[in-house]
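Spelled out, the chains give:
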Amino acid sequence: MDELMVLDNFIAGTMVPCKRLLDSYNPSTGKVWAKVPDSGKLEIEAAVSAAKRAYPNWSSMSAQRRANYLLKVADLLESRLEEFAVAESQDQGKPVWLARTMDMPRAVLNLRHFAHTIPHQLNTSSVQPEAGVFNYTIREPVGVAGLISPWNLPLYLLTFKLGPALMCGNTVVAKPSEMTSVTAYMFCKILQDVDFPAGVVNMVFGLGPSAGEALVTHPDVPLVSFTGSTVTGRHIAQATAPMFKKLSLEMGGKNAAVVFSDCDLESCINSLKRGSFINQGQVCLCTSRIFVQRSLYEEFLEKFVAVTKELRVGNPSDESVFMGALNSKPHLEKVRCYVKYAIEDGGTIVCGETIDSCVLSEENKNGYFMRPTIITGLSDDSRCMQEEIFGPVTCVVPFDTEEEVITRANNTSFGLCASVWTSNLGLAHRMAHKLKVGTVWTNCWVIRDIDMPFGGVKGSGIGREGTVDSMEFYTEVKTICTKIS
Ligand code: NAD
């Protein structure tokens, strides 16, 4: 049997073992492969206090010097990209090729991009000759930032917070998901290897209600950036509201695709196949409601089902699989439950649901696999059309008119993103303006520019992340007005 990886917390630049440990499973085998600290208040207290001690030096350092540190980390991470991609796959369940081509390059970019851009964004100035004054603004870091991240894109989303938080001069205590802590731990070793200043980044592993809660409610943590489910986000908003913390919440989605009959069908189907099932459907931006104009509905469904049936599911290290394993057994059970709800609510399972166990190797037979699943025949108020499933399940329904589909697409408590498929540019823009979401893709899906604001409305989030938005969030702006005559 392979040796278990035992993770330590990373506090004040040192690996600190924790006596209490949690099991972390490899989703593709169903076996424990790592032990993760089960930290609580004491560990968070030590980490916050290390971050406070490191704050005066780090926050007063020039942005250029901070950038040099981040660039060193990015270079070393890039040089170990394959090792990180394999570990992310073993920890999370995604195919290695996906971690190699998406997660890890993006983690490197998250550090490099903010290192290059934030030094140019921080300060502005103006002169008012008639008043004889010179104004300028400075952006100051907020303090010790508490960063909470989920399991679906572990290092990708953690570095999307770390990059800007650090570049703006904050010190950090991060609590990655207890389900996927391994690459964050490996990242701490890189910080040690580049002599990153001690205490600037502290990583405390453990469960949400203990370690996470202690971090977000800590009185010396004035800023919390959270990515995760709407239920947890709501709880954090309630718990932190009396403390007036700066809060960013990136939460769940129930994203619609609206397919008009004049679209480029082949390109639309290829994108929606990826958009519904990539990363086992566990991307907050995945499409889970597909509205198809009635005249195209039958043809769309037939072709969409055909390409979906061809998707290979299996061992994540097999380069030819499209989908690996779902992240955990309880999550697989939850997703399968939604398929049962769909049947109870009158839906038809057109393809998918389970995986024929004989296509899995002996090694993977206890892994958390399921086939990409397409459901039809559901009403808009059914559970699968309203609640976030966060798995490889998408619902396809017909619509008739533009006005009707706008109302129906907006009819959920979420508002993260949507996509619109049509060759009519005017229609695409009308739809984009009327959909109540943070991002609309027209004739494409998840082409991301890190400069562009990212986030949701309604139950999908508060705040935006991206070059300027992250810089604004991780700083406080101060105006200084000086009389010059
Ligand atoms: P989750 O809410 O269960 O957990 C997210 C993180 O919060 C974990 O680190 C967890 O330990 C921590 N946590 C849990 N309870 C806490 C508490 N009381 N106090 C502080 N921290 C606590 O979410 P998940 O299952 O890990 O992730 C999946 C969810 O994340 C989905 O809803 C998905 O849509 C969402 N997500 C959103 C985005 C986005 O950008 N909008 C991106 C990725 C994932």
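Residues numbered from 1 in each chain as written. Predicted model: local features only at pLDDT ≥ 70, side-chain atom pairs only at ≥ 80, totals over all residues. Heavy atoms only, no water.

K.L.:
Please explain the site of the ligand as it appears in this structure.
P.N.:
The ligand sits among 28 residues. The nearest are Glu178, Ser229, Thr232, Met251 and Glu388. One nitrogen or oxygen atom from the side chain of Glu178 is found 2.6 Å from an oxygen atom belonging to the ligand. Note that an oxygen atom of the ligand is positioned 2.7 Å from one of the side-chain N or O atoms of Ser229. Relative to its unbound accessible surface of 850 Å², the ligand loses 90% to contact with the protein. A per-class count over the shell around the ligand returns twelve nonpolar, eleven polar and five charged. For the shell around the ligand, the two domains that each supply at least three residues are domain 1 (5–252 + 459–483) and domain 2 (255–413 + 417–450). (Near = heavy atom within 4 Å. Polar contact = N/O pair within 3.5 Å; in protein donor to acceptor, adjacent residues only side chain to side chain. Areas by Shrake-Rupley, 256 points an atom, 1.4 Å probe, with all protein chains shown as cover. Nonpolar A, V, L, I, M, F, W, Y, C, P; charged D, E, K, R; others polar. Domains from an automatic or database assignment.)

K.L.:
How do you make sense of the pairing of strand 16 (residues 373–376) when you look at a structure like this?
P.N.:
The side chains of a regular strand alternate between both faces of the sheet. Both faces of strand 16 are covered, namely the face carrying Thr373 and Ile375 and the face carrying Ile374 and Thr376. Pairing of strand 15 (residues 348–351) with strand 16 involves three bridges; the strand directions are antiparallel. Counterpart to Ile349 in the pairing with strand 16 is Ile375. Examined bridge by bridge, strand 16 and strand 17 (residues 393–399) share four bridges and lie parallel to one another. (Buried < 20%, exposed > 50% of the residue type's maximum accessible area, 1.4 Å probe, protein only. Helix = DSSP H or I, 4+ residues; strand = E, 2+ residues; numbered from the N terminus. Pairing = 2+ DSSP bridges.)

K.L.:
When you look at the packing of helix 1 (residues 41–60) against helix 7 (residues 208–216) in this model, what are you seeing that I'm missing?
P.N.:
For any two helices packed against each other, the geometry is given by the interaxial angle and the distance between the axes. Where helix 1 contacts helix 7, the two axes come as close as 8 Å, and the packing angle between them is 40°. Like other packed secondary-structure pairs, helix 1 and helix 7 cross with a definite hand, here right-handed. Residues Lys41, Ile44 and Val48 of helix 1 form the contact with helix 7, whose participating residues are Ala211, Ala214 and Leu215. Of the residues in the contact of helix 1 with helix 7, the class split is five nonpolar, no polar and one charged. (Axes fitted to C-alpha atoms, helices over the stretch in contact; angles between N-to-C directions. Left-handed = near helix turned anticlockwise from the far one by under 90°. Contact = heavy atoms within 4.5 Å.)

K.L.:
Is there a simple way to think about unusual backbone geometry in this case?
P.N.:
Backbone geometry follows two general trends: most residues other than glycine have a negative phi, and most peptide bonds adopt the trans configuration. The backbone of Ala12 sits at a positive phi, close to 55°, despite the residue not being glycine. One can find Ala12 in the loop between strand 2 (9–11) and strand 3 (14–16). Positive phi, close to 45°, is recorded for Val446, a residue that is not glycine. Note that Val446 resides in the loop between strand 19 (439–442) and strand 20 (461–462).

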